[in-house]
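Report on the structure
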2 protein chains.
Amino acid sequence: MIRPMSLDEMRALLEQGRVGRLGCVSEGKPYIVPVSYILSGDAIYIHSLVGRKVRALRHDPRACLQVDDIQDAYNWRSAIAFGRYEEIADAGEREQAVRRLLARFPHLTPVESVPVHDGQSSVIVFRLRVEEMTGVCEA
Amino acid sequence: MIRPMSLDEMRALLEQGRVGRLGCVSEGKPYIVPVSYILSGDAIYIHSLVGRKVRALRHDPRACLQVDDIQDAYNWRSAIAFGRYEEIADAGEREQAVRRLLARFPHLTPVESVPVHDGQSSVIVFRLRVEEMTGVCEA
């Protein structure tokens with residue numbers, strides 16, 4: 001049976017997930033990239049090189065992160081969190097976010113697999129404060 | 001090393017994939033859902049119930065399908081195909097598309113797991129004609 005997920009279920013899915021699909025609007029068109037992320041409090045933290053998605057999000061901060069867990073055709077969950085792109089410029093806050101990301105992803109992951117250890121890197125750290133979540137599952 | 005994918009490589013990834021993430025713009029915001037799809041010629045075929053994504057795509061047909069294959073942090077591929085939403089209304093064309101989808105997905109799959117066997121269903125079949133593709137991989 002397909003049914004909407006509860007807030008707790010969506011939160012659990014986002015906490016458990018490692019790779020999500022980040023969506024943004026780039027030149028009027030939807031754009032999606034896989035990203036590693038962490039959920040902390042009511043915000044999602046992501047790091048990235050400056051590229052199409054960061055340029056798009058600087059222009060239009062409306063973003064979403066979709067996370068799913070698909071076992072088979074009849075057992076799956078998918079949730080989507082909506083929020084605004086906020087680049088983390090404050091050095092202390094940035095360091096804290098990077099430390100948390102590295103703790104979860106010691107080797108970092110797809111599209112983002114570039115060292116962020118040095119303070120000089122061109123890696124952006126940003127957050128989406130979750131404003132809305134929806135999710136559906138079947139089991 | 002991270003590098004752009006060739007057209008052949010992107011096509012191979014899309015042909016091999018089973019679940020992609022469909023992106024659209026819903027009320028100005030990016031929206032993503034996992035979907036089963038097939039690539040046939042230069043078009044991607046998808047079936048769906050009428051819901052938020054179909055309503056959004058009827059309003060703004062600009063869409064994308066992102067497909068990835070993530071082995072680990074250093075071995076992954078991700079491609080995104082852009083195209084316009086075209087609902088398939090012609091009965092013969094619709095039946096052919098449904099037959100192809102069912103051949104590949106005998107039990108159908110996430111978010112779409114609703115029978116499409118009957119001619120009366122509220123299931124929409126649509127296509128994205130691929131206008132542009134980009135892809136990146138690391139190996």
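Fair warning: this is a prediction, and the values are worked out from it, not measured in the lab.

Definitions and limits used
Residues numbered from 1 in each chain as written. Chains lettered and ligands numbered in written order. Predicted model: local features only at pLDDT ≥ 70, side-chain atom pairs only at ≥ 80, totals over all residues. Heavy atoms only, no water. Helix = DSSP H or I, 4+ residues; strand = E, 2+ residues; numbered from the N terminus. Contact = heavy atoms within 4.5 Å. Areas by Shrake-Rupley, 256 points an atom, 1.4 Å probe, with all protein chains shown as cover. Buried area = accessible area lost by both parts, 1.4 Å probe. Salt bridge = Lys/Arg side-chain N within 4 Å of Asp/Glu carboxyl O. Buried < 20%, exposed > 50% of the residue type's maximum accessible area, 1.4 Å probe, protein only. Arc of directions from axis to C-beta. Least-squares fit on C-alpha atoms with pLDDT ≥ 70 in both. Polar contact = N/O pair within 3.5 Å; in protein donor to acceptor, adjacent residues only side chain to side chain. Expected span 1.5 Å × (residues − 1). Pairing = 2+ DSSP bridges.

Quick notes on the overall build of chain A
Along its length, chain A carries three helices and eight strands. Secondary structure elements of chain A occur, N-terminal to C-terminal, as β-α-β-β-β-β-α-β-β-α-β. For chain A, the proportion of contacts with a sequence separation of at least 24, taken over those separated by at least 6, is 71%. With an accessible surface of roughly 6300 Å², chain A has 51% of that area assigned to carbon and sulfur atoms.

Notes on the interface of chain B and chain A
With 36 residues of chain B at the contact, the number on the chain A side is 36 residues. Together chain B and chain A conceal approximately 2900 Å² of surface at their shared face, both sides included; 67% is due to carbon and sulfur atoms. Of all residues in chain B, B:R21, B:P30 and B:I32 bury the most surface against chain A, accounting for 21% of the area lost on that side. Of the charged contacts, one joins B:E132 and A:K29 as a salt bridge, the two residues approaching to 3.3 Å between their closest N and O atoms.

Digging into helix α2 (residues 52–59) of chain A
All names here are of chain A. Burial in α2 covers these residues: K53, V54, A56 and L57. When α2 is viewed along its axis, its buried side chains cluster within an angular range of 160° and face the same direction. Residues R55 and H59 are exposed on α2 and point more than 90 degrees away from its buried face. Buried residues along α2 sit in contact with β2 (19–26), β3 (29–36), β5 (43–49), β6 (62–72), β7 (75–87) and β8 (123–138).

A few points about the relation of the copies chain B and chain A
Rotating chain B by 180° and moving it 0.0 Å along the rotation axis overlays it on chain A with an RMSD of 0.0 Å. A rotation of that kind, with that shift, is consistent with a two-fold axis. Residues of chain B ranked by C-alpha distance from the rotation axis are headed by B:P30, positioned 3.0 Å from it. A shared binding surface is used by both copies, with 100% of the interface residues of chain B retained as interface residues in chain A.

What about the environment of A:G41?
Tracing the backbone shows A:G41 in the loop between β4 (38–40) and β5. Note: C-alpha distance between A:G41 and A:R129 (88 residues apart in sequence) is 9.1 Å.

Some points on the side chain of B:S78
For B:S78, the location among the structural elements is in strand β7 (residues 75–87). At 3.0 Å, the side chain of B:S78 forms a polar contact with the side chain of B:Q66. Not counting residues up to four positions away in its chain, the partners in contact with B:S78 are A:P34, B:M5, B:L13, B:Q66, B:V67, B:D68, B:T134, B:G135 and B:V136.

Examining helix α3 (residues 91–104) of chain A
Side chains that are three or four residues apart share a direction in an α-helix, a result of its 3.6 residues per turn. All names here are of chain A. Between its terminal C-alpha atoms α3 stretches 20 Å, which fits the 20 Å expected from 14 residues at 1.5 Å a residue. Summarising the contacts, the buried residues of α3 are in contact with β4, β5 and β8. For α3, the N-terminal cap is D90; the gap from its side-chain oxygen to the backbone nitrogen of G92 is 3.2 Å.

Here's the deal with the pairing of strand β2 (residues 19–26) of chain B
Residues and elements named next belong to chain B. Across the eight residues of β2, seven count as buried, placing the element largely inside the fold. In this structure, β2 lies alongside strand β3 (residues 29–36), joined through eight bridges in antiparallel fashion. Residue pairing for β3: G23 is matched across the bridge by I32. Count of turn residues in the β2/β3 antiparallel hairpin: two residues, of which E27 carries a positive phi of about 50°. Direction of pairing for β2 relative to strand β6 (residues 62–72): antiparallel, over a ladder of three bridges. Note on β6: the bridge partner recorded for R21 is Q66.

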